[in-house]
Amino acid sequence: QGAIRFDDVHFAYDPERAILKGISFEVPPGKTVAIVGPSGAGKSTISRLLFRFYDIQSGSITIDGQDVRDVTQKSLRAAIGMVPQDTVLFNDTIAYNVRYGRVDASEEEIRKAAELAQIGPFIESLPDGYRTMVGERGLKLSGGEKQRVAIARTILKAPPILILDEATSALDTHTEQEIQAALDMVSRGRTTLVIAHRLSTVISADEIIVLKDGRIAERGTHRALLDSG
Ligand code: ADP
Ligand code: ADP
């Protein structure tokens with residue numbers, strides 16, 4: 001479930017400047033494909049197109065064989081979970097933030113997801129910037145902790161498709177390793193698109209696609225790309 005296919009996709013935000021110049025790739029159900037490339041290469045654009053935030057100029061994008069143009073944005077959002085670069089939290093408890101995206105979740109399910117993402121201890125806390133009428137202040141969360149809230153949300157939502165956008169970029173090495181383990185757990189068995197700057201963070205992807213100037217410059221496993229220099 002959740003096969004993604006880009007077929008000769010051309011896209012430009014501005015007709016004068018092509019961003020994607022004929023991109024084709026597939027993420028088979030349950031597999032992980034990483035898109036790697038320098039800043040500005042068009043990596044995030046690929047995830048925006050999957051959500052259909054923009055229409056492509058030509059080619060096609062399908063999920064399980066269905067053109068995304070024929071799918072509502074609402075169902076795309078239900079099918080795709082995203083752990084973004086920068087998680088913005090709602091002004092409510094961490095538990096509320098975790099539940100967002102699956103309002104029917106039970107207390108027990110929320111607690112479990114929070115535990116797996118290692119945010120169990122502050123589930124009832126309020127995020128930074130929060131201020132109640134009596135002047136109570138929120139808890140200042142680090143970038144890594146906010147990311148763990150996003151991970152807990154994704155664990156709870158359990159979508160067939162997962163997009164990890166530079167998911168461990170904001171973290172120190174130790175936290176990065178812990179988060180990586182949590183992400184590996186969430187992405188197991190799900191169709192996953194990882195967006196990353198560096199090859200070294202996507203060693204275990206089934207395929208790595210190197211994007212350069214709107215085209216696929218190289219593709220293969222981590223090992224194959226290293227061998228080819
Ligand atoms: P990456 O994720 O690889 O850093 P992006 O997909 O964010 O790259 O952006 C690719 C190019 O598209 C960049 O040159 C960026 O400036 C441009 N771009 C991104 N978003 C927009 C937008 N909304 N309107 C116009 N240009 C954009
Ligand atoms: P037609 O339906 O006339 O044969 P196309 O199918 O090529 O033409 O595309 C019609 C319009 O829909 C294009 O202008 C393109 O911007 C947009 N489009 C095509 N494929 C997609 C897609 N997968 N997602 C979003 N927009 C698309």
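Residues numbered from 1 in each chain as written. Chains lettered and ligands numbered in written order. Predicted model: local features only at pLDDT ≥ 70, side-chain atom pairs only at ≥ 80, totals over all residues. Heavy atoms only, no water.

A.B. asks: Would you mind going over the site of ligand 1 in detail, with residue names and values included?
C.D. replies: Of all residues adjacent to ligand 1, which total 13 residues, the nearest are R17, G40, K43, S44 and T45. Side-chain polar atom of T45 to an oxygen atom of ligand 1: 2.5 Å apart, as the coordinates give it. Its free accessible area being 560 Å², ligand 1 has 66% of it covered by the protein chains. The residue makeup of the shell around ligand 1, split by class, is five nonpolar, five polar and three charged. (Near = heavy atom within 4 Å. Polar contact = N/O pair within 3.5 Å; in protein donor to acceptor, adjacent residues only side chain to side chain. Areas by Shrake-Rupley, 256 points an atom, 1.4 Å probe, with all protein chains shown as cover. Nonpolar A, V, L, I, M, F, W, Y, C, P; charged D, E, K, R; others polar.)

A.B. asks: Describe in detail the side chain of R190, supporting the description with residues and values.
C.D. replies: With respect to the element layout, R190 can be found in the loop between α6 (173-187) and β8 (191-196). Buried charge without a salt bridge: R190, with E109 as the nearest opposite-charge side chain at an N-O distance of 11 Å. Of the polar contacts made by the side chain of R190, one reaches the backbone oxygen of V186; its length is 2.8 Å. Look past the residues within four positions of R190 in its chain and what remains in contact with it is G30, K31, A158, P159 and P160. (Helix = DSSP H or I, 4+ residues; strand = E, 2+ residues; numbered from the N terminus. Buried < 20%, exposed > 50% of the residue type's maximum accessible area, 1.4 Å probe, protein only. Lys, Arg positive; Asp, Glu negative; His and termini not counted. Salt bridge = Lys/Arg side-chain N within 4 Å of Asp/Glu carboxyl O. Contact = heavy atoms within 4.5 Å.)

A.B. asks: Please give an account of helix α1 (residues 43-50) that cites residues and values.
C.D. replies: Most of α1 sits out of view: six of its eight residues are buried. The positive-phi residue at the C-terminal boundary of α1 is R52, with phi of around 65°.

A.B. asks: Let's hear about the nonpolar core: which residues, and what values?
C.D. replies: Ranked by size, the top nonpolar core spans 35 residues in total, and within it I94, V98, I119, I151 and I208 carry the most contacts. Those elements that place two or more of their residues in this core are β3 (32-36), α3 (94-99), α4 (107-116), α5 (143-157), β7 (161-165), α6, β8 and β9 (207-212). Top contributing element to this core by residue count: α5, with six residues. Grouped together as the second largest cluster of nonpolar side chains are 28 residues, F11, I61, I161 and L193 included. (Core = buried A, V, L, I, M, F, W, Y, C linked by side-chain atoms within 4.5 Å.)

A.B. asks: I'd like a description of the pattern of salt bridges, backed by residues and values.
C.D. replies: One pass over the structure, following the stated rule, counts 10 salt bridges. With its nearest N and O atoms 3.3 Å apart, the salt bridge here joins E26 to R5. With E26 in strand β2 (residues 20-27) and R5 in strand β1 (residues 4-11), this pair connects stretches of sequence that are 21 residues apart. Judged by relative accessible area, E26 falls into the partly exposed class, the value being 43%. Taking the shortest distance from any N to any O, the salt bridge between E107 and R99 comes out at 3.4 Å. In the salt-bridge network here, residues are joined through shared partners; they are R5, D7 and E26.

A.B. asks: How would you sum up the sheet that holds β1? Please name residues and give values.
C.D. replies: Here we have four strands laid out as an open sheet, ordered β2-β1-β4-β5, and antiparallel in their pairing. Only two strands of the sheet have a single partner each, and these edge strands are β2 and β5 (66-67). Pairing analysis gives two bridges linking strand β4 (residues 58-63) to β5, with the strands arranged antiparallel. The partner of T62 across the bridge, within β5, is D67. Contacts from α1 reach β1, β2 and β4 within the one sheet, and its direction differs from that of β1 by about 115°. (Pairing = 2+ DSSP bridges. Axes fitted to C-alpha atoms, helices over the stretch in contact; angles between N-to-C directions.)

A.B. asks: Explain the packing of α5 against α6 to me, using residue names and the numbers behind them.
C.D. replies: Interaxial distance between α5 and α6 falls to 10 Å at its minimum, and their mutual angle equals 10°. On the basis of their axis angle, the class for α5 and α6 is roughly parallel. In this structure, α5 uses G144, R148, I151, T154 and I155 to contact α6, whose residues at the interface are T175, I179, A182, L183, M185 and V186. In terms of residue class, the contact of α5 with α6 is built from seven nonpolar, three polar and one charged. (Parallel < 35°, antiparallel > 145°, perpendicular 65-115°, else oblique.)

A.B. asks: Help me get a handle on unusual backbone geometry, residues and values and all.
C.D. replies: We note that R52 has phi near 65°; this positive angle belongs to a residue other than glycine. Structurally, the position occupied by R52 is in the loop between α1 and β4. Even without being glycine, A158 reaches a positive phi, approximately 45°. Accessibility expressed as a relative area gives 38% for A158, which makes it partly exposed.

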